[in-house]
Amino acid sequence: MTATITLSTGQQMPAVGLGTWKSAPGQVKQAVLAALDCDYRHIDCAAAYSNEREVGEALSERLGEGKPLRREDIFVTSKLWNTKHHPDDVEEACKKSLSDLRLSYLDLYLMHWPMAFERGDELMPRRPDGTVRYDNTHYRDTWAAMEKLVDQGLVKAIGLSNFNARQIDDILSIAKHKPVVNQVECHPYLVQTQLVSHCWGRGLAVTAYSPLGSPDRPWVTPGEAHLLDDPRVVGLAKCYNKTPAQVIIRWHIQRGVICIPKSVTPSRIKQNIEVFDFKLTEEDMRVIETFNRNERLIIPTIMSGL
């Protein structure tokens, strides 16, 4: 049985979901099918991952009349990309994700980043020198356009991703529909204690992306420390007779943070949700927090491999 977090809208958001960033075409469909077949009820998507069409193929095979699952059984998140921040682009972008995912509504739609890139269909618009071409659309104006998606019934709730405390408060100061989630990079090397507390104090749940430290990110450097290989994590895993990934996922859950580990390997997908049959001690929870390095691994301006 998967634990859930109650959002400010009353929605129940499963505490563990399948992340689909970096899941390549040809792999992501089978990953989603494997996840749904071993009781995942939360799939995290984004237009920028360039794989929502294949995710939609998987969803259509499992959801609907005469199929194993009903639409209301599954919590699906997608995200508005930076090139679609202009208010005139928001509805079209959302409808494109819905079409690709073969859904009539999203449970949650996030603003992927607080900054806008130049409008258009180029994922990472760059100048000849490689710097990103930004747009001057303010995220408050983007938020107002996203609120209309709720009014139209295209999305059940809206939220934020990669927003800091000041930016969250800025949105809250003008919001008609309050953000229900802030999805941020979070793992034992980047514990995010202050930001998590700030979100909770304002009624936002927190979703951790790259919850296992994203060892397969495209720009990882040779010799870089990997969280899953950290001897302290490995030692804890042996104590609990669990994998290092299971220990870290359990740490997130016990903190009250939703997490979306990514995998395309069916055995690992299954392992990553088998985290409800054990509990870390309070001491082990505190020990894991001491691993914090304030080390940010995901930087948007170098994400050529989205």
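As the structure is a computational prediction, the values presented were derived from the model and not from experiment. (Residues numbered from 1 in each chain as written. Predicted model: local features only at pLDDT ≥ 70, side-chain atom pairs only at ≥ 80, totals over all residues. Heavy atoms only, no water.)

This next bit is on the overall build of the protein. Looking only at helices and strands, one finds 10 helices and 10 strands in the protein. Taken over C-alpha atoms, the radius of gyration comes to 19 Å for the protein, in line with the 19 Å a tight globule of 306 residues would show. Counting only C-alpha atoms and orienting by the principal axes, one finds that the protein spans roughly 55 × 50 × 40 Å. Buried positions account for 56% of the 306 residues belonging to the protein. Long-range pairs, those at least 24 residues apart, make up 74% of the contacts in the protein between residues at least 6 apart in sequence. Only carbon and sulfur atoms are counted for the fraction: they give 50% of the accessible area of the protein, which is about 13,200 Å². (Helix = DSSP H or I, 4+ residues; strand = E, 2+ residues; numbered from the N terminus. Rg over C-alpha atoms; globule rule 2.2 N^0.38 Å. Buried < 20%, exposed > 50% of the residue type's maximum accessible area, 1.4 Å probe, protein only. Contact = heavy atoms within 4.5 Å. Areas by Shrake-Rupley, 256 points an atom, 1.4 Å probe, with all protein chains shown as cover.)

So, on to the sheet that holds strand β9 (residues 205-209). In space, the 8 strands of this open sheet follow the order β3-β4-β5-β6-β7-β8-β9-β10, with parallel pairing throughout. In the strand order of this sheet, the two ends are held by β3 (18-19) and β10 (258-259), each with one partner. With 3 bridges joining them, strand β4 (residues 42-44) and strand β5 (residues 75-80) adopt parallel strand pairing. Pairing of D44 across the sheet is with T77, part of β5. (Pairing = 2+ DSSP bridges.)

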